[in-house]
Each structure stands twice: as C-alpha cells, then as structure tokens.
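This is what each chain is made of:
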Amino acid sequence: MTVDTVLENAKLYLRGRIVEAGLAIDGGRITKIAKTPNLPEGSEKIDVEGRLILPGLIDVHVHLRDQGLSYKEDFYTGTAAAANGGITLVMDMPNNEPTTMSLNSLRERMRIAEGRILVNTAFYSAFPKNVGEIGKIITEGGAVAFKLYMVRRIGGVDPTDREALNEAFRETARFGVSVAIHAEDIKMIEAGVEAMRNLGRNDPEAYLEVHTPEAEVKAIREVARLTEKTKAKVHICHLSSSAGVEAVSEMKSRGLPVTCEVTPHHLLLTSEYAKRLGGLALMDPPLRSEGDVKGLWRALHRGVIDIVASDHAPHTLEEKSGSSIWDVKTGIPGLETTLPLLLTEVYRGRLTLQSLVRLTSERPAMVFGITGRGRISEGGYADLVVVDMKRRFKIDSSSFLSKAKFSPFDGWEVRGKPVKTFVNGRLVMDDGEIVAKPGVGVIIRRMGGLG
Ligand code: NCD
Ligand code: ZN
C-alpha cells in the first residue's frame, strides 16, 4: 500500500525520547512510525536529513484579528506567521470587531476563517450577554473555551458584577470548558490611569506603575473565589509576576481546577526593554523586574506553569508609537519568535526539550480538550514541525509573515529554527516560504455534550 507522504531519516520526539526513525502519513494522520527501511512506499518522500521532528506547537493565546481589524492581521497572514513559527494550531481570542460573544458572531468568524487558514484554528468566545447562551456557544458553535477580561469590559458580562460572573462560571462548569482569564483588577487599573492622567504622566514608566503585580494578584484572588464556588475550570493567561504565579500556585495546592500560561516575552525581557523601546515593547500585562522574571522561571521549573503561549497581538507601527503611552496599543507579535526563542533556551540549558514540548504541545492539547494532536503518535494527526537545532540566525521582524513587522527581540541571535511545518499531513511552510494553499488548516470545534 502506498501512503501519501513518508518522512525519512529523522529524529522523532516520541514520549520524551528522541528516536532515529521516520514516519508515514496518510489521510492527514500518522499511520506508521518505524525505522526508515521499514516504512511503506509514499507518493511523496521527504528526507529530513537527520533533523529533529517535534509535534507542531499549539499556541493557546493568539489574536488573529481579521474582520474589522484586518488592517492589523487577517486569517491568512496570522496563520502564515504561525506556520512560519512551527505552530500548527492556534486558539483565537475574542476581542475582535465585532466581539466574538454569541453563537452568531462565532459562526460568522468561523465562516470567514474557513478556506483562508493555513494552520488549524480553534476559537474562544467572550461571555454572551445572556449567560443562558453559553451552552449553545459550546455545543452548537464549537468554541473550545471562554475568555474573560477582568481588566476591561469585553463581551456581555461586566467584570465587576460578581453575581453575573458566578452565573457565567457555573454555566461553563456544566460543560467542562475552561475560562481563560486576563487577570488584572479593573478598578485598580482604572483608578491608576485616572491618577496618572491627572498628574500629566504619559511615559512608559507610568504604564508600568499602573499595571502592577498587585492588580494581577487581586484579580487572581477573585478568580479563586469564583472557581471555589462554581467549580469552573479556569486558565490564567500570561502570568507576569512572582506574586501572580504564587497566587496561582496557592490555588493549585488547594486543589482548585486552575491552569496557567506565561509568554516568552515575560520569561526573557525585563521592564528595562519597555523603558528603552517604549511602545514597541508595551504589552498588557507589561514587562516586569528581574525578580519577577526569575520568579516565572522558578515556577516553570517547579512545574507550576502549564503552558507557554505567545499572546500574539499584532498592531500597526503607527498604533505602537503614540506620543502618549495611553494612546499606544498594547501587544506584540509572537508567533514567529516563540519557538526559536525557546529552542535557544534549550541550547543554553535553561529549558529541557521535554519541558518545551510539554509546555507548547502536550499540555495545551490536554487543557483545552484537543484530541489527536499535541504529540507524535500512530493514529494521531500529522501536525509536525521539523527543526534545525544547529541553525543560528538573527531575529528580523522585517521578514515576518505577520502584518506586524516589529519585535522587541529584533537583532537577538537565536539557535534553532523551524524549517518545515506540516499541518494535517500537508507541508505548509518550507524554509520560510508558504507552500500550501489556504484552507489546509481546519477549524477545531469542541466536541459537544456536557463535560
Ligand atoms: C491584547 C490585544 O492587543 O488584543 N493586547 C495585549 O497587550 N496583550 C489585548 C489584551 O489582552 O490586553
Ligand atoms: Zn490579555
């Protein structure tokens, strides 16, 4: 029997070990893993020349934009950037134009994405106005999780309305899906911004002074109360501070159903970058002190951190360079830097390859209930990235496939490059070029039913 594709002469990452072997792909799935001579015939045969093959990354925090914000990014450019970064599945955030917050808005977004995506795409929804619609958004719409901004009003539930939050959390608990949370206390942040404006402060430091670790911790404690009461699964996004990570660690030791993520920028950059680069290194939550960076790494090594996600948040250069920091749009692109930056940490010995795969593929699939992906196994989908561990290069945002051509990592020398990305068995990125037609990515829907 001839299969679609055979990848031979590889080093495969299989359950924590690196094995010299190859694999056969048929109908989008891995049908056989074996030493090269024992593989079946393939219509297409690709020799990966001894390079490492990892499961494609699952990035659980991506703002693909499109629709009313397509000038920042669209489904094609965003998923092209993902493929270029070795990411085979992205989870799209709901703060769009219009906000993804109902069955209709979710379906409309999926309709637009279908046929334009180059990697698999799953969708978050914000809470609807009527929390009774939550079940439908999951079972009929196929949202894989909800996103709650505690720092501003996005979606149908006001983050200061504890009763409404209780109800919404109770509803998600019934369906077993996670609520991903941007944890910053809205009252502290709004009061802080007001005070700074009155002082006439509009410098990057003012932003950092307002978006404090205390605001992060306060929101996490509120989430702890909510999940204790409702048993809702919660996922704390982009943890940025030692105090924040401690608050999550405490929740975990109390047995609450919580998971959490950090971004590469919070692991690798301090607030010095925000001060030096201004808007170009401004994101929410912002970069923190050396002590916080150390705290995040300690937590990662202790196993408190479940996931590393990019928080890919593209904007135009104009939007990143207002004269007042309060006018600057927060967020940076991250799809094309995440894997090279993490591979460099593996090279330096600060991260094991096992941790990298756990944090960027295995745990993301588990936390968000994505089946058949996130690891290399017979029967699983062929979502794969071939990496060249020896390749050194300089990060250069002008070559990003994302529309957002800036990065605080510009000029960083990294080691380890994704050189081929396969999505559902199809070669999508080959040495920095997109070689597949849009539509090779599929929409990943939550399997219906009560969780
Ligand atoms: C996000 C964006 O641009 O959509 N920006 C960011 O700094 N992370 C929104 C957000 O999560 O604040
Ligand atoms: Zn956020």
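Going by the structure above, here's the rest.
Below or above, wherever it landed, is the structure these notes cover. (Residues numbered from 1 in each chain as written. Chains lettered and ligands numbered in written order. Predicted model: local features only at pLDDT ≥ 70, side-chain atom pairs only at ≥ 80, totals over all residues. Heavy atoms only, no water.)

## Some details on the side chain of Arg109
Move 1: Tracing the sequence through the fold places Arg109 in helix 2 (residues 103–113).
Move 2: Classification of Arg109 as buried rests on a relative accessible area of 0%.
Move 3: Excluding residues that lie within four positions of it along the chain, Arg109 makes contacts with Leu64, Arg65, Asp66, Gln67, Phe75, Asp92, Asn96, Thr100 and Phe123. (Helix = DSSP H or I, 4+ residues; strand = E, 2+ residues; numbered from the N terminus. Buried < 20%, exposed > 50% of the residue type's maximum accessible area, 1.4 Å probe, protein only. Contact = heavy atoms within 4.5 Å.)

## A short note on unusual backbone geometry
Move 1: With omega at 0°, the peptide bond leading from Glu97 into Pro98 counts as cis.
Move 2: By the secondary structure assignment, Pro98 is in the loop between strand 7 (87–92) and helix 2.
Move 3: Even without being glycine, Arg65 reaches a positive phi, approximately 65°.
Move 4: Within the secondary structure layout, Arg65 lies in the loop between strand 6 (57–62) and helix 1 (75–84).
Move 5: Its identity as a non-glycine residue notwithstanding, Asn424 has a phi of 50°, on the positive side.
Move 6: On the secondary structure map, Asn424 appears in the loop between strand 15 (413–423) and strand 16 (426–430).

## Considerations on the packing of aromatic side chains
Move 1: In the structure shown here, the tally under the stated rule is seven aromatic pairs.
Move 2: On the numbers, 6.1 Å between centres and 75° between planes, the contact of Tyr124 with Phe368 is edge-to-face. Here Tyr124, found in strand 8 (residues 120–126), pairs with Phe368, found in the loop between helix 13 (353–367) and strand 14 (384–394); they are 244 residues apart in sequence, far enough to count as distant.
Move 3: Given the relative accessible area of 1%, Phe368 is considered buried.
Move 4: Note on Phe127 and Phe146: the rings are 5.4 Å apart at their centroids and 25° apart in plane angle, and the pair reads as stacked. Separated by 19 residues along the polypeptide, Phe127 in the loop between strand 8 and helix 3 (134–139) and Phe146 in strand 9 (residues 145–149) bring together distant segments of the chain. Phe146 shares its class with Phe127; the two are buried.
Move 5: A network of ring pairs unites the aromatic residues Phe127, Phe146 and Phe169 as a single cluster.
Move 6: The lysine or arginine in question, Arg29, covers the ring of Tyr381, its NZ or CZ lying 4.0 Å from the ring centre. (Phe/Tyr/Trp six-rings, centres within 6.5 Å; stacked < 30°, edge-to-face > 60°. Lys NZ or Arg CZ within 6 Å of the ring centre and 35° of its normal.)

## Structural notes on the coordination of the zinc ion (ligand 2)
Move 1: For the zinc ion (ligand 2), the full set of protein donor atoms is His182 (ND1) and His238 (NE2), and the range of their distances to it is 2.2 to 2.3 Å. In this pair, His182 sits in strand 10 (residues 178–182) while His238 sits in the loop between strand 11 (233–236) and helix 8 (242–253), placing the two residues 56 residues apart along the sequence. Each member of the pair, His182 as well as His238, is classed as buried. (Donors = N, O, S within 2.8 Å, 3.2 Å for Na, K, Ca; no water.)

## Regarding the site of ligand 1
Move 1: The environment of ligand 1 is made up of 13 residues, and the closest members are Arg65, Asn95, Asp284, Asp311 and Thr330.
Move 2: Measuring from an oxygen atom of ligand 1, one finds a side-chain N or O atom of Asn95 at 2.7 Å.
Move 3: Measuring from an oxygen atom of ligand 1, one finds a side-chain N or O atom of Arg152 at 3.1 Å.
Move 4: Isolated, ligand 1 exposes 310 Å² of accessible area, and the fraction of that covered by the protein chains is 97%.
Move 5: Tallied by class, residues from the shell around ligand 1 come to three nonpolar, six polar and four charged. (Near = heavy atom within 4 Å. Polar contact = N/O pair within 3.5 Å; in protein donor to acceptor, adjacent residues only side chain to side chain. Areas by Shrake-Rupley, 256 points an atom, 1.4 Å probe, with all protein chains shown as cover. Nonpolar A, V, L, I, M, F, W, Y, C, P; charged D, E, K, R; others polar.)

## Quick notes on the nonpolar core
Move 1: In terms of nonpolar packing, the biggest core is built from 98 residues, with Leu54, Phe127, Phe169, Ile181, Ile236 and Leu356 touching the most fellow members.
Move 2: Here Ile236 is in contact with Ile181, Ala183, Ile220, Val223, Val248, Val258, Thr259, Cys260 and Glu261, once residues within four sequence places are set aside.
Move 3: Counting 20 residues, the second-largest nonpolar core is a separate cluster that includes Val60, Tyr149, Ile307 and Ile370. (Core = buried A, V, L, I, M, F, W, Y, C linked by side-chain atoms within 4.5 Å.)

## Some words on the environment of Pro438
Move 1: By the secondary structure assignment, Pro438 is in the loop between strand 17 (433–434) and strand 18 (443–444).
Move 2: Take Pro438: its relative accessible area is 40%, and that puts it in the partly exposed class.
Move 3: The spacing of Pro438 and Arg116 is 322 residues in sequence and 4.7 Å in space, taken between C-alpha atoms.
Move 4: With sequence-adjacent residues up to four places away left out, Pro438 is seen in contact with Tyr76, Gly115, Arg116, Ile117 and Leu118.

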